[in-house]
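Working through the structure, step by step
What follows is each chain in one-letter form.
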Amino acid sequence: MLSQRVEDHLKLVLQHLYINPLERCNLKCKICYTRKTSPILPMETIVAFVDAYQKVQLLTTITFCGGEVFALEYFPSLVNTMTHRGIFVQVITNGTIDQLDKITHPNNVNLIVSLDGIESHHDANRGAGNFRKSISFMQKAHRLGFHLDVFSIVHKNNLGSLDQFESLLQKELGFLPTVTYHPRKPPTYLNAHPISNIFGETREFDFLTKQEIIELMKTRNVFPPKDLGCYQIAVASDGKVYGCCEGTLPLGTLHNTPNELIEALRARLDVWSQTDMTIGCLGCSQHEFMCGIKEYLVELAKIDS
Ligand SMILES: C[S@@+](CC[C@H](N)C(=O)[O-])C[C@H]1O[C@@H](n2cnc3c(N)ncnc32)[C@H](O)[C@@H]1O
């Protein structure tokens, strides 16, 4: 049985879908951990799934991620279809492909732009000139009325300059967006994930130690969040449906009904609640995986208690 706190959280989480229409990308990041597989979900498949979902479940938000979703020609039209229905759309993007003018309701869209530190660190990973490109994209988006957040990968070499990075964002944008730091996926994640398991380069981007990740979790806004709860119905580009954006074991596929997928997620949380060692976390859809940071969370819980 789920605790009332987890039940309440699940109720909210089910109002928010995560959809990955493709894994292909226009950039070749040196430390990207995801495999660039070929399937691409057609727009009609996504709309049909959202239709079916809305018949059984209140839906307020969809987060789209990739790959790079702005590389899809249909993407602005998909966003417009969703905002027209009153759904708030979030887009995780590298901010290097500008299709902003085609989006009709910027105020119903949050662009989460990935910036991996100050210009030299960002461009070392994403390629020369891409920091300035993404900043220009954000400046234009801000003028047009989009909401903006930042996701930022942290590794050994940029760990010491996070305050400098935030001052730079403030200077470039005229405000400081919410920054969510993503500790570079540790080997314990990469070794356990059957698909998203690219090690990438380490020379300028070394992995953080366990203690550095724990310290980052204590002091910054991070993903995964330290009290977890980051599960949701998450659709992948091959039609499999997971219990979170980092899932390894599918709940089912797009051929299942939304209710079957929701019940499968609930069953996963039930298992988690029987095996939880993290004390007070909101839960995880894959208790055996937990993004490779289970022991970090257990240690963090000991420090907090
Ligand atoms: C795989 S990307 C796809 C979306 C988009 N192309 C972008 O760059 O934002 C999704 C998120 O994963 C983050 N990411 C990529 N490689 C990572 C790694 N090795 N460790 C942690 N996060 C990573 C990216 O920075 C981005 O915020």
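Residues numbered from 1 in each chain as written. Predicted model: local features only at pLDDT ≥ 70, side-chain atom pairs only at ≥ 80, totals over all residues. Heavy atoms only, no water.

So, the overall build of the protein chain
Summing up its helical and strand segments, the protein chain has ten helices and nine strands in all. A compact globule built from 305 residues should have a C-alpha radius of gyration of about 19 Å, and the protein chain, at 19 Å, falls within 12% of that. Projected onto its principal axes, the C-alpha positions of the protein chain cover 50 × 45 × 35 Å. Taken over 305 residues, the protein chain has a buried fraction of 54%. Contacts in the protein chain between residues at least 24 apart in sequence constitute 68% of all its contacts with a sequence separation of at least 6. (Helix = DSSP H or I, 4+ residues; strand = E, 2+ residues; numbered from the N terminus. Rg over C-alpha atoms; globule rule 2.2 N^0.38 Å. Buried < 20%, exposed > 50% of the residue type's maximum accessible area, 1.4 Å probe, protein only. Contact = heavy atoms within 4.5 Å.)

Re the pairing of strand β5 (residues 147–154)
Of all eight residues making up β5, six are buried, and the element is well covered by its neighbours. Here strand β4 (residues 109–114) pairs with β5 via five bridges, running parallel. By the bridge assignment, Leu111 is partnered in β5 with Leu148. In this structure, β5 lies alongside strand β6 (residues 178–183), joined through six bridges in parallel fashion. Across the sheet, residue Ile153 finds its bridge partner in β6, namely His182. Handedness of the β-α-β unit built from β5, helix α6 (residues 162–173) and β6 comes out right-handed. (Pairing = 2+ DSSP bridges. Right-handed = clockwise from strand over helix to strand, strands pointing away.)

Re the environment of Phe146
Tracing the backbone shows Phe146 in the loop between α5 (130–144) and β5. Spatially, the C-alpha atom of Phe146 lies 35 Å from that of Phe289, the residues being 143 residues apart in sequence. Residues in contact with Phe146, not counting those within four places in the same chain, are Leu100, Ile103, Pro106, Val109, Leu111 and Ala141.

Some details on the side chain of Asp116
Residue position: Asp116 is located in the loop between β4 and α4 (119–126). Separated by 3.3 Å, the side chain of Asp116 and the backbone nitrogen of Ile153 make a polar contact. (Polar contact = N/O pair within 3.5 Å; in protein donor to acceptor, adjacent residues only side chain to side chain.)

A look at the site of the ligand
Around the ligand, 19 residues are found, and the nearest of them are Ile31, Gly67, Ser114, Arg126 and Lys185. In this structure, a nitrogen atom belonging to the ligand sits 2.7 Å away from a main-chain N or O atom of Ile31. A distance of 3.2 Å separates a nitrogen atom of the ligand from a polar atom in the side chain of Glu68. Calculation on the ligand without its partners gives an accessible area of 550 Å², and the protein chains cover 94% of this total. Those elements that place two or more of their residues in the shell around the ligand are β3 (88–93), β5 and β6. Looking at the shell around the ligand residue by residue, the class counts come to eight nonpolar, seven polar and four charged. (Near = heavy atom within 4 Å. Areas by Shrake-Rupley, 256 points an atom, 1.4 Å probe, with all protein chains shown as cover. Nonpolar A, V, L, I, M, F, W, Y, C, P; charged D, E, K, R; others polar.)

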